[in-house]
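# Structural description and commentary
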Amino acid sequence: MLFFVAGIYLFARGIFAWYGQPIFYRKGTLENIDPDHLPQYLREEGVWNFLTGLVLVGKAILDKVFPGSMTLFIVFIVLLLVCVVFLAKCNEKYRKK
């Protein structure tokens, strides 16, 4: 249930960021981004938040169908790590120096 709720939150955060609406972002986070690069940041961040949410929701759904599957767990961890790495790279790329 927790994966599903977190996935829906990240999914919504990604959709809103993709369309340039930073309603799920703290003011302090957005202040660290150069205003000229804010639309590109939100678009890239939106894509990775959307994909992370999709992975979490998919994990929650597939856990109901295949409970206790170790293969599913390993694939989930790998996909989640990829999303987190690219989210971190996006933050480093657009952060004011």
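Quick notes on the rules
- Residues numbered from 1 in each chain as written.
- Predicted model: local features only at pLDDT ≥ 70, side-chain atom pairs only at ≥ 80, totals over all residues.
- Heavy atoms only, no water.
- Patch = residues over 30% accessible without salt bridge, like charges linked within 9 Å, V, L, I, M, F, W, Y side chains within 5 Å.
- Areas by Shrake-Rupley, 256 points an atom, 1.4 Å probe, with all protein chains shown as cover.
- Salt bridge = Lys/Arg side-chain N within 4 Å of Asp/Glu carboxyl O.
- Helix = DSSP H or I, 4+ residues; strand = E, 2+ residues; numbered from the N terminus.
- Buried < 20%, exposed > 50% of the residue type's maximum accessible area, 1.4 Å probe, protein only.
- Lys, Arg positive; Asp, Glu negative; His and termini not counted.
- Contact = heavy atoms within 4.5 Å.

A separate point is a nonpolar patch on the surface. A cluster of nonpolar side chains, namely Met70, Phe73, Ile74, Ile77, Val78, Leu81, Val82, Val85 and Phe86, defines an oily patch on the protein surface of about 790 Å² accessible area. Here valine 78 is to be found in helix H4 (residues 70-94).

Our focus in this paragraph is the side chain of glutamate 45. Relative to the elements of secondary structure, glutamate 45 occurs in helix H3 (residues 38-65). For the buried glutamate 45, no salt bridge is present, and the opposite-charge side chain at shortest range is arginine 13, 4.6 Å distant. Setting aside its immediate chain neighbours within four residues, glutamate 45 contacts Tyr25, Leu87, Cys90 and Asn91.

Within the secondary structure, leucine 10 is located in helix H1 (residues 2-18). Separated by 22 residues in sequence, leucine 10 and asparagine 32 have C-alpha atoms that sit 21 Å apart. Apart from residues lying up to four places away in sequence, leucine 10 is in contact with Asn49, Phe50, Thr52, Gly53 and Leu56.

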